Amino acid sequence: MADDKGGPDMVSFRELTRRLAADGVVTLTHQRVSQLARTDPEFPPVVQIGRSKAVDYTLARPYFAGRTLRPGRRTDLEPPADQQ
C-alpha cells in the first residue's frame, strides 16, 4: 500500500490485474497488461524488479478506468471471405 504521504504503490502485473478486478475497474490477464505496457505509449512507467515488472497502482488505475475497451472480433464464426 502507498504511504500516508501519497507515495507510489508499486505492484506487479499479476497484482495489478487482481486489484483492478477487485475494484471493479476491468478484468484482464497479466499477459494483456504486459502487451499494453510494450505497445501503448500512454501506459504508465514500468519498473523492472528482478524478473518481474511493476507499475504504480495510483497511475495505472486511472489509465485502465479511462481506457476504451476494444474487444477482438471472433473471425472463426464468420464464413471465409471467398464464400460471402
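Anything mentioned here points back to the structure above.
Residues numbered from 1 in each chain as written. Predicted model: local features only at pLDDT ≥ 70, side-chain atom pairs only at ≥ 80, totals over all residues. Heavy atoms only, no water.

Draft legend 1. Representation of the packing of aromatic side chains. Using the criterion set out here, one finds four aromatic pairs in the structure. Seen from their ring centres, Phe43 and Phe64 are 6.0 Å apart, and the 85° between their planes marks the pair as edge-to-face. With a gap of 21 residues between them, Phe43 in the loop between α2 (30-39) and β2 (46-49) and Phe64 in helix α3 (residues 57-65) connect regions that are remote in the sequence. Here Phe43 matches Phe64 in class, with each residue buried. Relative to Phe64, the ring of Tyr63 has its centre 4.9 Å away and its plane inclined at 85°; by these criteria the two rings are edge-to-face. Across this residue pair, the class does not change: Tyr63 and Phe64 are buried. Three or more aromatic residues joined by ring pairs make a cluster, and in this case those are Phe13, Phe43, Tyr63 and Phe64. (Phe/Tyr/Trp six-rings, centres within 6.5 Å; stacked < 30°, edge-to-face > 60°. Helix = DSSP H or I, 4+ residues; strand = E, 2+ residues; numbered from the N terminus. Buried < 20%, exposed > 50% of the residue type's maximum accessible area, 1.4 Å probe, protein only.)

Draft legend 2. Summary view of the layout of surface pockets. By volume, the largest pocket is sized at about 170 Å³. What lines the largest pocket is Ser12, Phe13, Arg14, His30, Ser34, Arg51, Ser52 and Lys53. Across the lining of the largest pocket, the residue classes tally to one nonpolar, four polar and three charged. (1 Å grid on protein atoms, 1.4 Å probe; cavity = no way out; pocket = protein on both sides within 12 Å on 5 of 7 lines; lining within 4 Å. Points joined across faces, edges and corners; volume = space filled by probe spheres on them. Nonpolar A, V, L, I, M, F, W, Y, C, P; charged D, E, K, R; others polar.)

Draft legend 3. Region of the structure containing the sheet that holds strand β3 (residues 52-56). Taken in spatial order, the three strands line up as β1-β3-β2 in an open sheet, and their pairing is antiparallel. Sheet topology places β1 (10-12) and β2 at the edges, where each strand pairs with a single neighbour. Averaged over all neighbouring strand pairs, the angle between strand axes comes to 40°, with direction disregarded. In the packing of helix α1 (residues 13-22) onto the sheet, contacts are made with β1, β2 and β3, and the angle to β1 comes to roughly 100°. On top of the sheet, α3 reaches β1 and β3; it is set at about 80° to β3, its chief contact. (Pairing = 2+ DSSP bridges. Axes fitted to C-alpha atoms, helices over the stretch in contact; angles between N-to-C directions. Contact = heavy atoms within 4.5 Å.)

Draft legend 4. Inspection of α1 at higher detail. Those residues of α1 that fall on the buried side of the exposure criterion are Phe13, Leu16, Thr17, Arg19 and Leu20. All buried residues of α1 fall inside an arc of 165° around its axis, so they share one side. Counted as exposed and oriented over 90 degrees from the buried face of α1: Arg14 and Ala22. In this structure, the buried residues of α1 make contact with β1, α2, β2, β3 and α3. Once α1 finishes, Gly24 follows within two positions and takes phi at roughly 75°, a positive value. (Arc of directions from axis to C-beta.)

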